[in-house]
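So you can see what is in the structure, the chains are spelled out below.
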Amino acid sequence: MIESLNGAKETVSYRDHPGIRIYLNQEAEDYPMHWHTAAEVIMPIENNYSAVVDDTRIVLNPGDILIIPPGELHQLFAPETGKRVIMQFDSTLLYPLNGFDSTFHLLRPYIIIASHQDQELHGALKPLLLELMDEYFSGSLLKEASAYAMLIQFFVVLGRNYMHLERRFPNRKSQKQQHKYIDKLLEVCNYINEHCTEEIQVERLAELAGISKFHFMRLFKQFMGISYYTYLNQHRIMHAEKLLIDANLSIMEVAMSSGFGSLPTFNRVFKNYKKCTPSEYKLLHGVHKV
């Protein structure tokens with residue numbers, strides 16, 4: 001299935017369907033540790049399927065849906081027999097849609113939708129994925145547009161579930177107030193996404209949210225599941241990952257261009273998130289350190 005692998009980086013070939021690639025995979029073949037700029041969705045149809053993401057071994061039962069965001073290192077292990085849907089797509093197709101980037105961040109490092117754990121969500125997503133696959137392999141007129149529409153719908157359903165009001169703010173009774181908080185915090189997330197390489201003060205983020213600093217810090221963690229500072233550092237690391245694969249940039253240049261004030265801080269934070277040093281990351285992706 002992996003057609004182009006340079007070091008640990010896979011280059012996904014979308015062929016005649018720009019931005020989306022779907023396999024009905026039946027190969028009894030394992031795939032080594034690799035990453036790609038595409039997002040990936042895997043659902044076994046017959047027999048189990050295994051993956052390792054973020055140093056965690058995952059066993060998927062038939063019907064379980066695994067979503068791996070772009071840039072995450074992962075391995076795949078196939079049984080001797082079986083069948084599974086594997087979809088890779090260019091997530092930048094959806095980033096221009098308001099709120100998608102922040103919503104997708106909630107899925108890192110991976111997410112599993114299992115039928116026995118969340119029947120309602122699984123019951124909505126599985127038919128969409130199968131219908132998307134059927135459309136992809138069809139000869140229908142405007143099949144690309146139809147597939148994109150289903151892809152968007154898939155992540156709208158998933159995103160709305162993960163930003164469900166009662167799940168994020170269970171103790172707040174006013175739905176109007178809940179919507180206000182979510183809109184403001186999404187605005188803050190978008191600001192961090194766009195300015196992560198700059199120096200960002202928490203007071204500025206609280207000002208954008210229209211609430212006090214301490215109220216903002218508490219609500220952000222409740223909404224995103226992580227602190228604003230962790231979210232900021234994760235985006236800085238994501239930015240740094242793109243720069244590290246450039247052989248012409250030194251690690252110091254990458255650190256300074258990614259919003260880190262010093263090289264030791266960058267090395268420490270990077271290793272904490274990626275379980276390897278920036279130098280090791282370069283070598284892992286076939287890039288020699290400058």
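Now for a look at the structure at hand. (Residues numbered from 1 in each chain as written. Predicted model: local features only at pLDDT ≥ 70, side-chain atom pairs only at ≥ 80, totals over all residues. Heavy atoms only, no water.)

### Some words on the packing of aromatic side chains
Rules: Pairing of aromatic side chains here covers Phe, Tyr and the six-membered ring of Trp, requires ring centres within 6.5 Å, and sorts the geometry by plane angle: under 30 degrees stacked, over 60 edge-to-face, intermediate tilted. In this description a helix means any DSSP run of H or I spanning at least four residues, a strand means any run of E spanning at least two, and both kinds are numbered starting from the N terminus. With a 1.4 Å probe rolled over the protein chains alone, any residue whose accessible area is under 20% of its type maximum counts as buried; one over 50% counts as exposed, and the rest are partly exposed. Comment: the charge-over-ring label is applied if NZ (Lys) or CZ (Arg) is within 6 Å of the ring centre and within 35 degrees of the ring normal.
Overall, the coordinates contain 10 aromatic pairs when judged by the stated rule. Between Phe89 and Phe155 the ring centres are 5.3 Å apart and the planes differ by 55°, which places this aromatic pair in the tilted class. Separated by 66 residues along the polypeptide, Phe89 in strand E10 (residues 83-89) and Phe155 in helix H3 (residues 143-162) bring together distant segments of the chain. Accessibility classification places Phe89 together with Phe155 in one group, the buried group. Plain terms: the ring middles of Phe216 and Phe220 are 5.7 Å apart, the flat faces sit at 55° to each other, and that makes the pair tilted. Placement of both Phe216 and Phe220 in helix H7 (residues 213-224) is noted, with a separation of four residues, approximately one turn of the helix. Pair check on accessibility: Phe216 and Phe220 agree, each one buried. The structure contains a cluster of three or more aromatic residues connected by ring pairs, namely Phe216, Phe220, Tyr228, Tyr229 and Tyr231. Taking the ring centre of Phe77 as reference, the NZ or CZ of Arg57 above it sits at 4.3 Å.

### Comments concerning a nonpolar patch on the surface
Going by this rule: The residues that make up patches have over 30% relative accessible area and no salt bridge, and they are joined within 9 Å when like-charged or within 5 Å when they are Val, Leu, Ile, Met, Phe, Trp or Tyr. Using the Shrake-Rupley algorithm and a 1.4 Å probe, accessible areas are obtained, with residue cover drawn only from the displayed protein chains. When a carboxyl oxygen of Asp or Glu lies within 4 Å of a side-chain nitrogen of Lys or Arg, that pair is called a salt bridge.
Taken together, the side chains of Leu24, Ile45 and Phe137 define a hydrophobic patch exposed on the protein surface, amounting to about 260 Å² of accessible area. Positionally, Ile45 belongs in strand E5 (residues 39-46). The class of Ile45 is partly exposed, set by a relative accessible area of 34%.

### Some words on helix H6 (residues 202-209)
Test applied: Here, the arc refers to the directions that run from the helix axis to the C-beta atoms.
Taken together, the buried positions of H6 are Val202, Leu205, Ala206, Leu208 and Ala209. Down the axis, H6 shows its buried residues gathered within 155° of arc, on one side only. Immediately beyond the C-terminal end of H6, within one or two residues, lies Gly210, with a positive phi of roughly 75°.

### Describing helix H8 (residues 228-244)
We apply this condition: In a helix, the anticipated span is given by 1.5 Å times the number of residues less one.
Taking 1.5 Å of rise per residue, 17 residues should cover 24 Å, and H8 covers 24 Å from first to last C-alpha, within 8% of that figure. With 12 of 17 residues buried, H8 lies mostly within the body of the structure. Taken together, the buried positions of H8 are occupied by Tyr228, Tyr231, Leu232, Asn233, His235, Arg236, Ile237, Met238, Ala240, Glu241, Leu243 and Leu244.

### Observations regarding the packing of H6 against H7
To keep it simple, the criterion reads: Axes here mean lines fitted to C-alpha atoms, for a helix over just the part in contact, with angles spanning 0 to 180 degrees between N-to-C directions. An angle below 35 degrees is treated as roughly parallel, one above 145 as roughly antiparallel, one from 65 to 115 as roughly perpendicular, and anything else as oblique. Here, two residues are considered to be in contact whenever any of their heavy atoms come within 4.5 Å of each other. Each residue is assigned to one of three groups, with Ala, Val, Leu, Ile, Met, Phe, Trp, Tyr, Cys and Pro labelled nonpolar, Asp, Glu, Lys and Arg labelled charged, and all others, Gly among them, labelled polar.
Running from amino to carboxyl end, H6 crosses H7 at an angle of 80°, the nearest separation of the two axes being 9 Å. If you check the angle between H6 and H7, you find them roughly perpendicular. On H7, the residues touching Val202, Glu203, Leu205, Ala206 and Ala209 of H6 are Lys213, Phe216 and Met217. The residue makeup of the contact of H6 with H7, split by class, is six nonpolar, no polar and two charged.

### Structural notes on the sheet that holds strand E6 (residues 49-53)
What counts here: Strand pairing is assigned whenever DSSP detects at least two bridges linking the two strands.
Strand order in the open sheet made by the four strands is E4-E9-E6-E7, with antiparallel pairing throughout. A single partner strand is all that each edge strand has here, and the edge strands are strand E4 (31-34) and strand E7 (56-60). Averaged over all adjacent pairs, the angle separating strand axes in this sheet is 15°, with direction ignored. The pairing of E4 with strand E9 (residues 74-77) spans two bridges and is classified as antiparallel. Within E9, the position partnered with His34 by the bridge is His74.

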